[in-house]
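# Remarks on the overall topology
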Amino acid sequence: MKGHKLAPYLFVAPFLTLFLVFIVYPLLQSVALAFMQTNGPISREFVGLSNFDWLFSVDRDFWTSILNILIYTAGSMFIQLPAALGLAMLLNRQDVKARGFWRMIFFAPILVGLVFVAIIFGLLFAPNNGIINLFLNGFTGWLNAWVPFYPDAWVFDIEFRWTAEYAMPALIIASFWMYVGFNMIYFLAALQNVSKDLMEAAEVDGAGPWQRFLNVTIPAIRPVGTFVVLLSLIGSVQLFELPYLLIGPDGGPGQKGLTPVMHLFAEGFDKGDLGYASAIGWLIAVVLFGVALVQKKLADPGTE
Amino acid sequence: MGPPPGPIDSPFPSEPVHKPRSSALAVSPPDDPKKHTPLSAAGSGWRPLDTMSLGSWIIVAIAVVSSVIVLALPVPDRPGLEFWTFARNHSKMYAPLSERWNRRVEETGEGELMNLYQLEFTALERRTLNGFWAGTPLADLIEIEGGSFYKFVTGPLEDVGFVDLTDLLHDEGIYETLNAPSLTAWTNRGRVFGLPHDVHPVLLAYRADIVEDELGIDVSTIQTWDDFARVMSAAKADFDGDGRIDRYPLSFWFNDVGALEVLMLQAGGGTFDADDNIIVASEANARVLATAVSWCFGEDRIAIDAPEFDAGGNQLKLDGRVVCAMMPDWLAGIWKSDLPQLGGKIKLMPLPAWEPGGRRTSVRGGTMLGIPRATVEAGEFEDAWAFAKYLYLAEEVARELFLTANIISPVKSYWDRPFYHEPDPYFSGQPSGTLYIDQAPHVPPRTSHPFRVVATTEIGRAANSLRNYADARGVYDVESLLPEARRLLAEAQEQVLKRMERNVFLQIETAGGETDNADTDADAGGSS
């Protein structure tokens, strides 16, 4: 009998051990570290709330990174997700030929990985002879030559990665290419579950396409939509590899490509201040927790 | 493969059984025989395909076989010491030297064999930091690049993971044989943590076929950067007649902080002086910053961004869309390897000075060889040190260094050796070694201050702000930009100082009176 009582504990022991050692202990350590300044893990000094004080009152890079990520998130929310939904609706139509092929084409970029995307877009955005700049320059130059009163200022010759204001558009374009098909798949799955009966009933009742979209499709895909929005928000806040490789570890000119996680990485693993990095990490965690709560509230059917 | 036969001695009836959905032993009707699988195993023995699909079994088989192969493969037993480098050209150069060293060790039985590994730059840096911080295994000798050295000296001196070589260098008389500015980059709080690999003087490379043959410019008339901007403006060209400039005189971009630092050091500025005083807001820096923006924008623009180690940048050079580039000795080696098409079309000249009679060179890049403290604890220091001296101080290595990578050795006594002074076909027959050596003693001393990168980041931020200021007002001449450049650099310096004040470890050392000034010979890097 004694063995039977022990058995459940033995079964959960492997998981519990790993969970305690690799999740709970580091988590508690990071709480303690957030109140310290360190030089790598060797030297540490207790500094109280100084890390948070620095974070909120002095650290310009952190607030630049927050602003950057808000812009990037807005790009994801208002450009990428509507485009993904539009694509999903298009590829959900029965009259589109080779739908499977197109779905694969749009989904394919997610398979290649962020590092590859960063390298490819680095070449595309290359100053002076990158293909995007060549196209923009050629096209706007042609317009300038042939269209009367076309302003000279609209002839683009963009140093994408070296010009502060173009770093974020470059990132948004690269991530659009990568993630639009990925998000499209979620929307596509949701659209295939929209009740045909309801749609037909709305049509019989005289609802036009736009009304059907607003009053039938959107409510039906709302749970998935909210989930995709949350995924995009979390992905945006956690953004690291793409700007690190495409723009540069320091966030490029004016730190316009710097994200909070890149800043955390630089503080913790380049400068060795794991304490300050922990403070940044906890702030990001609190923000994400808040976002998740809002999402839960929005997704709760009771709020309809 | 057909459906599995029905169980012979199954305890369950073979006719359809309607069980509740929640039952774990729910049985599908016989018209769907594939769903019988859980029960069949209970009857007539275990069938592999009842447990997992064929695909899953293949995956398991591959996993098992590959694991066995990996475990069975013998791990090469490499006796001796380990040496990490990050640079492809270094690795290529060191390989035969290591082999020679190892042959000598095997023949004489003295010393330790050396195993050379080339690691990717970031991987080497990260593994080294991990080794110092967390005690993970490290090589016995590690090459560190100048841009990342600060990461190893951010804390108290006793936390620095490399062996302090200062006394050893003095005791063995090595210190005096080395070019003084080469040591400053690896000196922190007066202590030297690595053997310098190089000097890295910077010259100006120009397309002789364009400048001399096509444009007929006499480069000896160019003494200052103002001369350069005036004379070389003739190299600007619109190839396709669209009214837009396609060829610019200089490869440079205003917010490339590495290039900015080269110019600031040449002008007598930089981030920290030899006494570790912050000089971000110096007048020299302000003038360089204003000039940099004036070079890249406005009517008198002379620069184009043609980055190194970049396919796009290299194409611009090959296409003749950029005429001149600031070229440290190591970059000359890279161009020879990566841009052989330019061989015979390039020439070198000293950098234009910031004022008449001023310094005609600067410095960029650099590598040191350090020995981790763990090597001392393992009792291997003597052997590691012997190899370090062989690799960095031997004449045969200096020769290889120059012939394979175009790098000048910091050992001054070798500078008169013939191999440095032979005509170089890549540089149109000029003796490139001579040109670099002529400038080597005048290379400005550099700081290895832990906040150097913070300072250069702030300078980069100031550069972007100055560009915005220029754009907003439509003014791009140096004199108009200077006041704003001064203001922005003062702001940048304040930011760096705030960060420095926050660092409790450096404050503790200062309070303890341990912060010595860098033991550097600034005079040696004085202007020419």
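What you see is a predicted model, and the numbers here were worked out from it, not measured in a lab.

Per the secondary structure count, chain A includes 13 helices and 2 strands. Taken over the C-alpha trace, chain A has a radius of gyration of 25 Å; the compact-globule value for 304 residues is 19 Å, which it surpasses by more than 25%. Along the first, second and third principal axes, the C-alpha atoms of chain A reach 75 × 60 × 35 Å. In chain A, buried positions account for 34% of the 304 residues.

Helices and strands together make up the secondary structure of chain B, namely 20 helices and 12 strands. Buried positions account for 44% of the 528 residues belonging to chain B. In chain B, of all internal contacts separated by at least 6 residues, the share reaching a separation of at least 24 is 74%.

One frequent convention defines the size of an interface as the accessible area lost when the parts assemble. Each partner contributes to the interface: chain A provides 27 residues, whereas chain B provides 26 residues. Where the side of chain A that touches chain B is concerned, the elements lending two or more residues are strand S1 (36–39) and strand S2 (43–46) of chain A. In terms of residue class, the side of chain A that touches chain B is made up of 11 nonpolar, 11 polar and 5 charged.

Residue and element names in this part refer to chain B. Bridging between strand S1 (residues 81–85) and strand S2 (residues 114–118) involves 5 bridges; their strand directions are parallel. Paired with Thr85 across the strands is Gln118, a residue of S2. Taken together, S1, helix H4 (residues 88–108) and S2 constitute a β-α-β crossover, and its handedness is right-handed.

Helix-helix packing: each pair is described by the crossing angle between the helix axes and the interaxial distance. All names here are of chain A. Interhelical geometry of helix H8 (residues 164–191) versus helix H10 (residues 209–237) gives an angle of 165° and a closest axis separation of 9 Å. Classed by the angle they form, the pair H8 and H10 counts as roughly antiparallel. Crossing geometry of H8 relative to H10 is assigned as right-handed. Where H8 abuts H10, its residues Asn183, Tyr186, Phe187, Ala189, Ala190 and Leu191 lie against Ile221, Val224 and Val228. Taken together, the residues of the contact of H8 with H10 sort by class into 8 nonpolar, 1 polar and no charged.

The strand order across the open sheet built from 5 strands is S2-S1-S3-S12-S6 (chain B), with neighbouring strands paired in mixed fashion. What marks the edges here is a single partner per strand, and that holds for S2 and strand S6 (195–196) of chain B.

This part takes up the confidence of the model for chain B. If pLDDT is low for a region, its predicted coordinates should not be looked at in detail. Residues and elements named next belong to chain B. In this model, chain B carries an average pLDDT of 85, and 88% of its residues clear a pLDDT of 70 or more. Contacts from residues 511–528, a stretch scored under 50 in pLDDT, to residues over four places away or in other chains number 42 contacts. Listed scores for the predicted complex are pTM 0.76 and ipTM 0.72.

Formed by 137 residues in total, the largest nonpolar core has its most connected members in Leu141, Leu289, Ala292, Val293, Met327 and Ala388 of chain B. If we skip the residues at most four places from it in the chain, Val293 of chain B touches Phe254, Ala463, Leu466, Arg467, Ala470, Tyr476 and Leu481 of chain B. With 52 residues, the next largest nonpolar core counts Leu33, Val180, Ile247 and Leu264 of chain A among its residues.

Residue and element names in this part refer to chain B. Along strand S3 (residues 141–145), 4 of the 5 residues are buried, which leaves the element largely enclosed by surrounding structure. Strand direction decides the pairing type here: S1 and S3, joined by 2 bridges, are parallel. From the neighbouring strand, Trp84 faces S3, where its bridge partner is Ile142. Looking at chain direction, S3 and strand S12 (residues 367–370) are connected through 4 bridges and run antiparallel. Within S12, the position partnered with Ile142 by the bridge is Gly370.

Residues and elements named next belong to chain B. With a phi angle near 65°, Asp276 is a residue other than glycine that sits in the positive phi range. By secondary structure assignment, the location of Asp276 is in the loop between helix H10 (257–266) and helix H11 (283–296). One non-glycine residue, Ser428, adopts positive backbone phi at about 55°. Among the secondary structure elements, Ser428 is positioned in the loop between helix H16 (395–405) and helix H17 (432–439). Note on Ser428: 17 C-beta atoms within 10 Å, which makes it partly exposed.

Residue and element names in this part refer to chain B. Sheet architecture is open: 5 strands sit in the order S9-S8-S10-S7-S11, paired in mixed fashion. Among the strands making up the open sheet, the edge pair consists of strand S9 (303–304) and strand S11 (346–350). In the sheet, strand S8 (residues 248–251) pairs with S9 via 2 bridges, with the strands oriented parallel. Its bridge partner lying in S9, Ser251 is registered against Ile304.

The next subject is the environment of Trp102 of chain A. Residue and element names in this part refer to chain A. When you line up the elements, Trp102 lands in helix H4 (residues 99–107). For Trp102, a count of 16 C-beta atoms within 10 Å corresponds to the partly exposed category. In this structure, the C-alpha to C-alpha distance between Trp102 and Leu87, residues 15 residues apart in sequence, is 9.8 Å.

Moving on, we get to H10 of chain A. Residue and element names in this part refer to chain A. Along its 29 residues, H10 runs just 35 Å from first to last C-alpha, ending more than 12% under the 42 Å computed at 1.5 Å per residue. Within H10, the axis deviates most sharply at Arg222, by approximately 60°, and proline Pro223 lies no more than four positions further along. When H10 is considered as a whole, its buried residues turn out to be Thr217, Ile221, Gly225, Val228, Ser232, Leu233, Ser236 and Val237.

Residue and element names in this part refer to chain B. Over its 21 residues, H4 extends 30 Å from the first C-alpha to the last, a length consistent with the 30 Å expected when each residue adds 1.5 Å. Along H4, the helix axis deviates most sharply at Tyr94, where the bend reaches about 30°; the proline Pro96 sits within four residues downstream. Among all positions in H4, only His90, Met93, Tyr94, Ser98 and Trp101 are buried. Next to the buried residues of H4 lie S1, S2, S3, helix H15 (381–393) and H16.

Time to look at the packing of H4 of chain B against H16 of chain B. Residues and elements named next belong to chain B. At their nearest, the axes of H4 and H16 sit 10 Å apart, and the two run at 140° to each other. Viewed along their axes, H4 and H16 adopt a mutual orientation that is oblique. Both H4 and H16 take part in a crossing whose hand is right-handed. Along its contact with H4, which presents Asn89, Lys92, Met93 and Leu97, the element H16 presents Val397, Glu400, Leu401, Thr404 and Ala405. Looking at the contact of H4 with H16 residue by residue, the classes come out as 5 nonpolar, 2 polar and 2 charged.

The subject of this paragraph is the environment of Ala234 of chain B. Examined against the element boundaries, Ala234 of chain B turns out to sit in the loop between helix H9 (225–232) and S8. With sequence-adjacent residues up to four places away left out, Ala234 of chain B is seen in contact with Leu215 and Ile217 of chain B.

Following the sequence through the fold, Met93 of chain B ends up in helix H4. Not counting chain neighbours up to four residues away, the residues in contact with Met93 of chain B comprise Glu400, Leu401, Thr404 and Ala405 of chain B.

Here is what the cut-offs are and how they apply
Residues numbered from 1 in each chain as written. Chains lettered and ligands numbered in written order. Predicted model: local features only at pLDDT ≥ 70, side-chain atom pairs only at ≥ 80, totals over all residues. Helix = DSSP H or I, 4+ residues; strand = E, 2+ residues; numbered from the N terminus. Rg over C-alpha atoms; globule rule 2.2 N^0.38 Å. Buried ≥ 20, exposed ≤ 12 C-beta atoms within 10 Å, placed from the backbone. Contact = placed C-beta atoms within 7 Å. Nonpolar A, V, L, I, M, F, W, Y, C, P; charged D, E, K, R; others polar. Pairing = 2+ DSSP bridges. Right-handed = clockwise from strand over helix to strand, strands pointing away. Axes fitted to C-alpha atoms, helices over the stretch in contact; angles between N-to-C directions. Parallel < 35°, antiparallel > 145°, perpendicular 65-115°, else oblique. Left-handed = near helix turned anticlockwise from the far one by under 90°. pLDDT = per-residue confidence, 0-100. Core = buried A, V, L, I, M, F, W, Y, C linked by C-beta atoms within 7 Å. Expected span 1.5 Å × (residues − 1). Bend = angle between axes of the 7 residues up to and from the residue.

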